[in-house]
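Coordinate inspection notes
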Amino acid sequence: MASASTVATRISKRVAIAVAPFIVLALVWQIASFGLPRYLVPSLVDVFWRTTDILTDWTQFRSALATAGRIMAGMIGAFVIGVALAFVMERSRAADKFLGPTLNFFQGIPALSWVVFAIIWFKGVETRILFIMIITTLPAFTFQILGALRGMSKDLLEMTLSFRPSRWKMFKVMILPSILPDILTAWRVNLGNASRVVVVAELVGATGGVGYELLQQQQLFDMAGALAWTLQLVIFVLVTQKIISGIETWAFKYRAQSERAL
Amino acid sequence: MTMTEPGSEARTVEIHFENVSKVFGRDEDGGGGFRAVDDLTLDIYAGEMVAILGKTGCGKSTMFNMIAGLQEPTTGRVEVKGRDPFSQFDWFRGQIAIVFQNDRLLPWRTAIENVELGLEMLDRPPAERREIAQRWLTKLGLAGHENDYPHALSGGMRQRVSIARAFATDASLLLCDEPFSALDEITANRLRDEFSALVRENGKTAVFITHSINEALQIGRRVVVLRRPARIALDERLPETLSRDEQDAMRARIQTILSE
Ligand SMILES: Nc1ncnc2c1ncn2[C@@H]1O[C@H](COP(=O)(O)OP(=O)(O)O)[C@@H](O)[C@H]1O
Ligand SMILES: [Mg+2]
């Protein structure tokens, strides 16, 4: 039996290992900042104050929230459409033959091209951003969900089917729990992508948001500001990932745990 | 539909196979495809306990899936309770219960939640579901394991849960596809006895598919032996009690047919 103190040591050891790379990175940066000009490599102290400044000043924080909102809106939109497309593709060969290559083609188009198209096609800034966010996230979501549907256990599917469930019950009892792990993974992966696309999307004329603020910092040649705004996005992604992890731990508690790691 | 079973009183036909063939592959007419079931004709009566015996790959599961309405015959007619189980799939809700070769428990549900599955499909109220599921789990010796997830149960326990799941809906027709073949001999033996008793107690019609002669003789009151591709090679009703000599004779007969 491990005593409370050894458990505590083990936990603090884990935390130390988890944060170690960031500490090393920060140290290297900080040391560099002593020798290099401030406007190239600002001190982390400055970055820290700029970050707290953004977090505590409502007009600035609203900008960060706007970006988070755009990411979520785009992802939810892409997810809903992606689920619908995946179900259609799973059921119909023709739809699969048509949509598969189309989505693949879309995947090859750079985000910046969509920005240009969005500016030409749409008037409202938010409409443009939503369009860009959805269209860039949609292919991945669709393929991931389609893969999950195709990967469902045929044995379990037939077993459930043999009870003659209604469509809704089939979905609730069998399909959703089967594909949930893949859905959560898809959200994790696409979140990283979406957070990188959103700053580009905000170049369509947004007057707020991390992308807009970054552009301001570039014009002011303010490296500390650029870093602080970047951190806002990174923090948002990390927090959301943490929430998804929490859902995973809760939803998959039924899984067997191996005592030995891979 | 009422028919007369050869040599005894009138009984209801529960499962009716009429010149049924099943061909897998592109050519549906049997030209290039693979013939798994070949011109099979068979009637199974209400209350019968039929063991269907055949070597692996002879088309037993295919026949089973056609009764269950999961596959459609290529030619011929399959009727269950006078209806087509494939095209009238939903009509059979609550009428057929199945025990598969592997337990097929939903890994994200606890033992008791797995047993409740069929009752959920029948829209029974939650409290009633729980009570029925609990009763079946207890009957199968799984009291205390209600809230265990399948991964925490042994193979034998999992198969018991799947038997409980099949019995819980109280369907009159029970289909089993080699349910004990993945278990060790001692566990399988015990489950076979419990299973036979439950079927008799609850007055079910049971179709029991197996590749083991001993299992067929232990469980079936009627034994149907299939050739490959599936068509009938032997169809025998067994007396209530079989003397050791009679059993040996029957075993030898079946063995000869199977080794042809
Ligand atoms: N969906 C399928 N497609 C093609 N061939 C199949 C399919 N299902 C079964 N078969 C073939 O039909 C034969 C009988 O299979 P099956 O009914 O599972 O046999 P059994 O249950 O008696 O072992 C086997 O040779 C198998 O390969
Ligand atoms: Mg089989």
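Refer to the structure presented above.
Please read all numbers here as calculations on a predicted model, not as lab measurements. (Residues numbered from 1 in each chain as written. Chains lettered and ligands numbered in written order. Predicted model: local features only at pLDDT ≥ 70, side-chain atom pairs only at ≥ 80, totals over all residues. Heavy atoms only, no water.)

**Remarks on the pattern of salt bridges**
Tallied over the entire structure, the rule returns 33 salt bridges over all chains. With a closest N to O distance of 4.0 Å, B:Arg231 and B:Asp39 form a salt bridge. Note that B:Arg231 is positioned in the loop between strand S9 (222-226) and strand S10 (232-237) and B:Asp39 in strand S3 (residues 34-45), a separation of 192 residues in sequence. The closest approach of N and O atoms between B:Asp103 and B:Arg158, which form a salt bridge, is 3.1 Å. With B:Asp103 in the loop between strand S6 (96-99) and helix H2 (111-115) and B:Arg158 in helix H5 (residues 155-168), this pair connects stretches of sequence that are 55 residues apart. Its relative accessible area of 17% is what places B:Asp103 among the buried residues. Judged by relative accessible area, which is 23%, B:Arg158 ranks as partly exposed. The structure contains a network of salt bridges with shared partners spanning A:Lys154, A:Asp155, A:Glu158 and B:Arg104. (Salt bridge = Lys/Arg side-chain N within 4 Å of Asp/Glu carboxyl O. Helix = DSSP H or I, 4+ residues; strand = E, 2+ residues; numbered from the N terminus. Buried < 20%, exposed > 50% of the residue type's maximum accessible area, 1.4 Å probe, protein only.)

**With respect to the site of ligand 1**
Residue and element names in this part refer to chain B. Taken together, Phe 24, Phe 34, Ala 36, Lys 55, Thr 56, Gly 57, Cys 58, Gly 59, Lys 60, Ser 61 and Thr 62 make up the full set of residues near ligand 1. Here Gly 59 contributes a backbone N or O atom positioned 3.1 Å from an oxygen atom of ligand 1. Note that an oxygen atom of ligand 1 is positioned 2.7 Å from one of the side-chain N or O atoms of Ser 61. Those elements that provide at least two residues to the shell around ligand 1 are S3 and helix H1 (60-68). For the shell around ligand 1, the element with the most residues is H1, which contributes three residues. Looking at side-chain class alone, the shell around ligand 1 contains four nonpolar, five polar and two charged residues. (Near = heavy atom within 4 Å. Polar contact = N/O pair within 3.5 Å; in protein donor to acceptor, adjacent residues only side chain to side chain. Nonpolar A, V, L, I, M, F, W, Y, C, P; charged D, E, K, R; others polar.)

**Some details on the interface of chain A and chain B**
Facing 21 residues of chain A, the contacting portion of chain B comprises 27 residues. A buried area of about 2,300 Å², summed over both sides, lies between chain A and chain B, and 65% of it is on carbon and sulfur atoms. Three residues, A:Phe163, A:Arg164 and A:Tyr254, lead the burial of chain A against chain B; their summed loss comes to 38% of the area buried on that side. At the boundary of chain A with chain B, the tally comes to three salt bridges. A salt bridge links B:Arg104 to A:Asp155, with the shortest nitrogen-to-oxygen separation between them at 3.4 Å. Counting across the interface, chain A meets chain B through nine residue pairs in polar contact (both at pLDDT 80 or more). (Contact = heavy atoms within 4.5 Å. Buried area = accessible area lost by both parts, 1.4 Å probe.)

Read these as spatial facts, not as claims about activity.
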